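# Understanding the architecture of this molecule
One letter stands for each residue in the lines below.
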Amino acid sequence: MGDNGFSALRSVFCCAFFIATLNLVYGDLSYSFPEETKRESVIGNIAKDLGFDLRTLSSRKARVDIEGTRKRYCGMNLNNGDLITTERIDRESLCGKKPSCVLKVDLVLENPLELHRLSLHVQDVNDNSPKFKKNLIEMEIRESADKGNRFSIEEAHDADIGQNAVQRYNLQKNDNFILSVDNNKVELLLENTLDREKQKDMNLLLTALDGGSPQRSGTVVIHVTVLDANDNAPVFSQAVYKASLPENSPPDTVVINVSATDADEGVNGDVTYDFGHVTDDDVNVFSIDSKTGQITVSGVIDFEERSSFEIRVEAKDGLGLTSYAKVMIDVTDVNDNAPVIYLKSLTNPIPENVSPGSEVGIINVQDEDSDSNQKVRCSIQQNVPFKLVPSIKNYYSLVTTGQLDRELVSDYNITITATDEGSPPLSSSKTVQLSVADINDNPPVFEEQSYSAYVTENNKPGSTLCSVTARDPDWRQNGTVVYSLLPGEVNGASVSSYLSVNGDTGVIHAVRSFDYEQFRSFKVHVMARDNGSPPLSSNVTVSVFISDVNDNSPQILYPAPEGNSFMTELVPKAAHGGSLVSKVIAVDADSGQNAWLSYHIVKSTDPGLFTIGVHSGEIRTQRDISESDSMKQNLIVAVKDNGQPSLSATCSMYLLISDNLAEVPELKDISYDEKNSKLTSYLIIALVSVSTFFLTFIIIILGVRFCRRRKPRMLFDGAVAIPSAYLPPNYADVDGTGTLRSTYNYDAYLTTGSRTSDFKFVTSYNDNTLPADQTLRKSPSDFADPFEDLGASLEVGTVQSTILVFRRLA
């Protein structure tokens, strides 16, 4: 802040200094706050007062540095810009009796370096009570003492200042003494003469009061003993003694001699010396010889901790009369503190492409000495591409002087030396370690210009075809290579559906089985990319050649394409569009693309009534069943694989649109293919040969067959079951390719007998098919009830499939 009393020379100097540091140092900002403030209490908002954005404070690494102390009394909250206290602040221990207690704080911002000087005024609070050195003061006064005689009393001490210090004294009312106070000099004034015969001694209560709020006080008891003869109090040769003492003086160093004389003779003239009130911090620093008054050093004298002392000395004669003098000791600084180097900020590692003159670090140098002992010069060793540039006050910027090359030198150990101008000079050093960061300037390079891989068709998915390798001379993430396939198509499909590459090792795997008839070779492009920023990459071509193997045509498991048995599905009339009617199950002995099956209806009684899932083989209604639809529906389904050329197989599916068996016509009108029922005949023959227990049923069956030759009739095959786990040997079950799935297995159970025999609905394991465990009998009304219940429970897209197994008489 400005002062109109500056001399012209000083004004010119300040103006020049201001111009030189205009872009770096800004005006003072002052805050006041009371001592003993709780931790993390807000002193002020720096962001608001200096007009900084919160993001600016964070990005520029704003922080506060405190001068002249090792303690950090305050800090900065970068989230809101508040300047807060970080520990308890006691004004008395920080500034003593100084009328003004100011903490100098520097607000430092980087990129670019910027300094704001803050002054924190610590206000005194009344947190200390007045104290006397002793709780009891002994005084001996002759009864012949004249009225108006004065007797000195050591004043009370209050660590606070201003109004919070001692303001007045009160003496307990008595008959002989009154209190006289002048410039904190406290004396007892004899108002009435003493009479030893009336009162040999007396106790007087003296109270010291401060002016704080709430008011604090301290008391002392003065015990006065009345003697017979007159005497004189000691008198110091000087009211104030001054001495100078260099810091770090050894113990027993003589500081000064104080002297007091007493006009009395004998024991009444013997003077003893002692310290008056001494603070807790000073009690062990000095000592006084009680006989000679010589003051010597007894503790540590540190200019940086305390630059001056003020001590009250007491002289007391043999009768207890006292007088006081003041001793002021100035401590002179010696160069006993070496400079301390603080690394405030450091960019580490440094990118190798950083331009010369870039700031990579901020150094702060502090020396706790004063005057010339505090002036510091900083230097750096030679042969490194860095230098120190003086910045603000005791701050230096560490900047680059040339181009860095990580391939030549990847690490630097920079030694910074700070030397003061004391006598003798003291110095200190600090080593800063800096690493040079690599930049991504080299792309990965493949070991070969192209790669070839050979594989036979129908290979197992996941098998290894070949591996590619690329190397990057850069360091760490810039040299870490990641492999990937470039987008493309193979035979109309994405390249990723055929091949995959391990991103870490470069090993190429087959995602699926290949078919020589579909394509014999294809090419893919593999990219090797590093993890630099921005990333660099290179590509290589991989040619895949496929060898041919033999293929197999699809085989239908359900419905059975051969034998003298046929399968008939019962479809309710109330079936809605999208309802599940049946399912064609087929497998292919090949693998990969040759095992991918598709289902198609090549011929049907009503082409618009039913549809089949191309990949699932599920037969569903395309629309709701109407009355005009024919009761008997015949579907011919073709199953094709994906080979080149495509192989296929066909089967027939018979459907009856009816709600009960009473409406079912004679099944003799349905034509059969003799060869399609061979499987059923084999099963019956095997059952007859191994089961002698059912001999009676065999005879009945033979009789029925004999009658059937005369007139064809419908007989139900007995105890026929289609195993749900049946699967020809060496058949692969590929999920989702149209082959046999565990979720579409069926079990059928029928009994041998005439049309009056019972039979049970086939159970479907398809989750979309409603279970039916009803038993139908001969009576049409019996047939109707289960179907009515079934119709009531149907949901959209779901129809109960009922399988009846019939056998035609030869």
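Residues numbered from 1 in each chain as written. Predicted model: local features only at pLDDT ≥ 70, side-chain atom pairs only at ≥ 80, totals over all residues. Heavy atoms only, no water.

The helix and strand tally for the protein stands at 7 helices and 57 strands. Buried positions account for 45% of the 810 residues belonging to the protein. Summing over all exposed atoms, the protein offers an accessible surface of approximately 41700 Å²; the carbon and sulfur share of this is 50%. (Helix = DSSP H or I, 4+ residues; strand = E, 2+ residues; numbered from the N terminus. Buried < 20%, exposed > 50% of the residue type's maximum accessible area, 1.4 Å probe, protein only. Areas by Shrake-Rupley, 256 points an atom, 1.4 Å probe, with all protein chains shown as cover.)

Here we take up the sheet that holds strand 10 (residues 166–171). Judged by pairing direction, the sheet is mixed, and its 4 strands sit side by side in the order 8-14-13-10 without closing on themselves. Each edge of the open sheet carries a strand with a single partner, namely strand 8 (136–142) and strand 10. Sheet twist, expressed as the mean angle between neighbouring strand axes with direction ignored, is 25°. (Pairing = 2+ DSSP bridges. Axes fitted to C-alpha atoms, helices over the stretch in contact; angles between N-to-C directions.)

Mapping L656 onto the fold places it in strand 51 (residues 648–657). Overall, L656 belongs to the buried group, its relative accessible area being 3%. In sequence terms L656 and E569 are 87 residues apart; their C-alpha atoms lie 6.1 Å from each other.

With that settled, the discussion passes to unusual backbone geometry. Along the chain, N348 connects to P349 via a cis peptide bond; the corresponding omega equals 5°. Tracing the backbone shows P349 in the loop between strand 24 (340–346) and strand 25 (350–351). Cis geometry marks the peptide bond from S423 to P424; its omega dihedral reads -5°. Considering the arrangement of structural elements, one finds P424 in the loop between strand 30 (411–420) and strand 31 (427–437). A positive phi angle, close to 60°, is found at E36, a residue other than glycine. With respect to the helices and strands, E36 occurs in the loop between strand 1 (25–34) and strand 2 (42–45). A residue is classified by how much of its surface remains accessible, and E36, at 29% relative accessible area, is partly exposed.

Our next topic: the sheet that holds strand 48 (residues 610–612). Read from one edge to the other, the open sheet built from 3 strands follows the order 45-49-48, with strand pairing classed as antiparallel. Strand pairing shows two members of the sheet lacking a second neighbour, strand 45 (580–583) and strand 48, which therefore form its edges. Taking each pair of neighbouring strands and ignoring which way they run, the sheet shows an average axis angle of 25°. As paired strands, strand 48 and strand 49 (residues 618–621) are joined by 3 bridges and run antiparallel to one another. Residue pairing across strands places T611 opposite R620, the latter belonging to strand 49.

This part takes up the pairing of strand 40 (residues 507–510). Alternating positions in strand 40 separate cleanly, I508 and A510 being buried on one face and V507 and H509 remaining unburied on the opposite face. Judged from the 3 bridges that link them, strand 34 (residues 464–467) and strand 40 form a sheet pairing that is antiparallel. What sits directly across from T464, in strand 40, is H509. Examined bridge by bridge, strand 39 (residues 499–501) and strand 40 share 3 bridges and lie antiparallel to one another. Bridging from a neighbouring strand, L499 pairs with A510 of strand 40.

To continue, consider the pattern of salt bridges. The full count for this structure, using the stated rule, is 19 salt bridges. With a shortest N-O distance of 3.2 Å, R150 and E187 are connected by a salt bridge. In this pair, R150 sits in strand 9 (residues 150–153) while E187 sits in strand 12 (residues 185–190), placing the two residues 37 residues apart along the sequence. Residue classification places R150 among the partly exposed positions, given a relative accessible area of 45%. One connected set of salt bridges, linked through shared partners, spans E36, R88 and D90. (Salt bridge = Lys/Arg side-chain N within 4 Å of Asp/Glu carboxyl O.)

Right, let's get into the packing of aromatic side chains. Evaluation of the coordinates by the stated rule reveals 14 aromatic pairs. Each member of the aromatic cluster is reached from another via a ring pair, and the members are Y498, F514, F519 and F522. Between R512 and the ring centre of Y498, over which it is positioned, the NZ or CZ distance is 4.2 Å. (Phe/Tyr/Trp six-rings, centres within 6.5 Å; stacked < 30°, edge-to-face > 60°. Lys NZ or Arg CZ within 6 Å of the ring centre and 35° of its normal.)

This next bit is on the confidence of the model for the protein. Looking at the protein as a whole, its pLDDT mean stands at 78, while 78% of the residues score no less than 70. Long-range and interchain partners of residues 1–25, a stretch whose pLDDT sits below 50, account for 11 contacts in this model, where long-range means more than four residues apart. (pLDDT = per-residue confidence, 0-100. Contact = heavy atoms within 4.5 Å.)

Checked against the element boundaries, E92 lands in helix 4 (residues 91–95). E92 sits in the buried class, given a relative accessible area of 14%. For the pair E92 and A159, spaced 67 residues apart in the sequence, the C-alpha separation amounts to 6.4 Å. Residues contacting E92, with those up to four places away along its chain left out, are E35, D124, D127, N128, A159 and D160.

Below, the discussion takes up the pairing of strand 26 (residues 359–366). Counting buried residues along strand 26, 6 of its 8 residues qualify, which places the element largely inside the surrounding structure. Note: strand 24 against strand 26, 6 bridges, orientation antiparallel. The residue bridging S345 from the neighbouring strand is I362, located in strand 26. Relative to strand 29 (residues 395–400), strand 26 runs antiparallel, the two sharing 5 bridges. Bridge pairing in strand 29 places N364 opposite Y395.

This part is about the nonpolar core. The nonpolar side chains of a soluble globular protein tend to be buried, and buried together. One finds L465, L499, I508, F514 and F522 to be the most contacted residues of the largest nonpolar core, which totals 28 residues. Of all elements in the fold, only strand 33 (450–456), strand 34, strand 36 (481–485), strand 39, strand 40, strand 41 (521–530) and strand 42 (537–547) reach the threshold of two or more residues within this core. Among the nonpolar cores identified, the runner-up in size contains 26 residues, and V258, V271, V285 and V297 belong to it. (Core = buried A, V, L, I, M, F, W, Y, C linked by side-chain atoms within 4.5 Å.)

Note on placement: N642 falls in the loop between strand 50 (632–640) and strand 51. Placed 49 residues apart in sequence, N642 and Q593 show a C-alpha to C-alpha distance of 5.7 Å. Setting aside chain neighbours within four positions, we find N642 in contact with D515, Q518, Q593, N594 and W596.

A few words now on the side chain of D438. Along the chain, the position of D438 falls in the loop between strand 31 and strand 32 (445–446). Here the side chain of D438 touches R406 through a polar contact of 3.4 Å, side chain to side chain. Engagement of the side chain of D438 in a polar contact is seen with the backbone nitrogen of W475, the distance being 3.1 Å. Excluding its chain neighbours within four sequence positions, the residues that come into contact with D438 are E352, R406, E407, D474, W475 and N478. (Polar contact = N/O pair within 3.5 Å; in protein donor to acceptor, adjacent residues only side chain to side chain.)

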